Structure formats: C-alpha cells, structure tokens
Amino acid sequence: MPQMIFVNLPVEDLERSKAFYAALGFRNEPKFSNDAAAMMVLSDTISVMLLTKPFYSTFTRKPIADAHNSSEVLLCISCNSPAEVDRLTEAAGSNGGTPDVSPKQDCGELMYGRSFEDPDGHIWEPMWMDAKFAERGAHPVEEAAQATAA
C-alpha cells in the first residue's frame, strides 16, 4: 500500500465545505464521513478530512487557528498544466473561495502557480512545474540568476 496523506482541516460549516471541495473535483468518501467529518478524496494518495471544529478539537489540546487572520499552513498541490492551475483557482473563486490571496508565481516556461482560500481561510497553492526544471531543481536557476546579477 502506498504511503498516503490525510490533510485534516477544521471547518465551520461541513456541508458548505463538502460542496466547495466537490466543486474543485474532490470526491466524497461516505465510508469515512458523518455529521462531524467528511473525507474528500483528491487522488489515490491524498485526501482532505473536513472536521467540524468541535470534532477537530478532540484531536489536539491547542486552540484552533483562525485561518482568516493567521497563516497556519500553505497547501501546495501539483497540476498537470498552467491551464489546470487557472481552472482550479477560478473554480475555487466561483464556489465560495477567494482566488489569488498570495502573489502569482510565474516563472515563464519553468513554473506557474496561483493561490486561493477555501471558505474557512485555508490557503491552497495549485502549481505547475516543467518536468525538466523539476528534475534539475531550483539551484541551477538560482546560480544562473546570481551570475547574471554579478
């Protein structure tokens, strides 16, 4: 079995959050959903667990961050193309999210990314990266930029 990730997010309104993530292409898994939680599947290895705040608080002693007013985490998700980045960000904006809450990342033919907040303020960053660039990594690009600047 491949290693999986389950992103647990506290939400105010479970039904609103389920509808939002479904509009972005996530699929609800009823076997792990009830009145306090909903499993929304993105891929075979990535799922988002939407947890009502009272249920979420049973997993931690720490206060739940107000994601509208503080940064808790940036959730970056890869996309297959810049067009998919745009589609996902625009779908978020059309379904109760806030698009482009962070600066757009546009590195020409190398990398492209945008961002959006879900209705509870959790920030997602859909991004696309050229496969050859990803294989080389960022350091050769940084070194070339520094050499040009010098």
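Below is a short write-up of the structure. Predicted, not measured: the structure shown is a model, and the values here were computed from it.

Structural notes on the side chain of Ser115
Note that Ser115 resides in the loop between strand S8 (111-113) and strand S9 (116-117). Ser115 gets classed as buried once you look at its relative accessible area, which sits at 1%. In this structure the side chain of Ser115 is engaged in a polar contact, spanning 2.9 Å, whose partner is the backbone nitrogen of Ser102. The residues touching Ser115, leaving out its near neighbours within four places in the chain, are Thr89, Thr98, Pro99, Asp100, Val101, Ser102, Ile123, Trp124, Glu125 and Pro126.

What about the packing of aromatic side chains?
To describe a pair of aromatic rings, one takes the distance between the centres and the angle between the planes. Tallied over the entire structure, the rule returns six aromatic pairs. Their ring planes at 85 degrees and their centres at 5.1 Å tell us that Phe20 and Tyr21 sit as a pair that is edge-to-face. The class for Phe20 is buried, based on a relative accessible area of 1%. An aromatic cluster is present here, built from Phe20, Tyr21, Phe26, Phe116 and Trp124 joined pairwise through their rings.

What counts and what doesn't
Residues numbered from 1 in each chain as written. Predicted model: local features only at pLDDT ≥ 70, side-chain atom pairs only at ≥ 80, totals over all residues. Heavy atoms only, no water. Helix = DSSP H or I, 4+ residues; strand = E, 2+ residues; numbered from the N terminus. Buried < 20%, exposed > 50% of the residue type's maximum accessible area, 1.4 Å probe, protein only. Polar contact = N/O pair within 3.5 Å; in protein donor to acceptor, adjacent residues only side chain to side chain. Contact = heavy atoms within 4.5 Å. Phe/Tyr/Trp six-rings, centres within 6.5 Å; stacked < 30°, edge-to-face > 60°.

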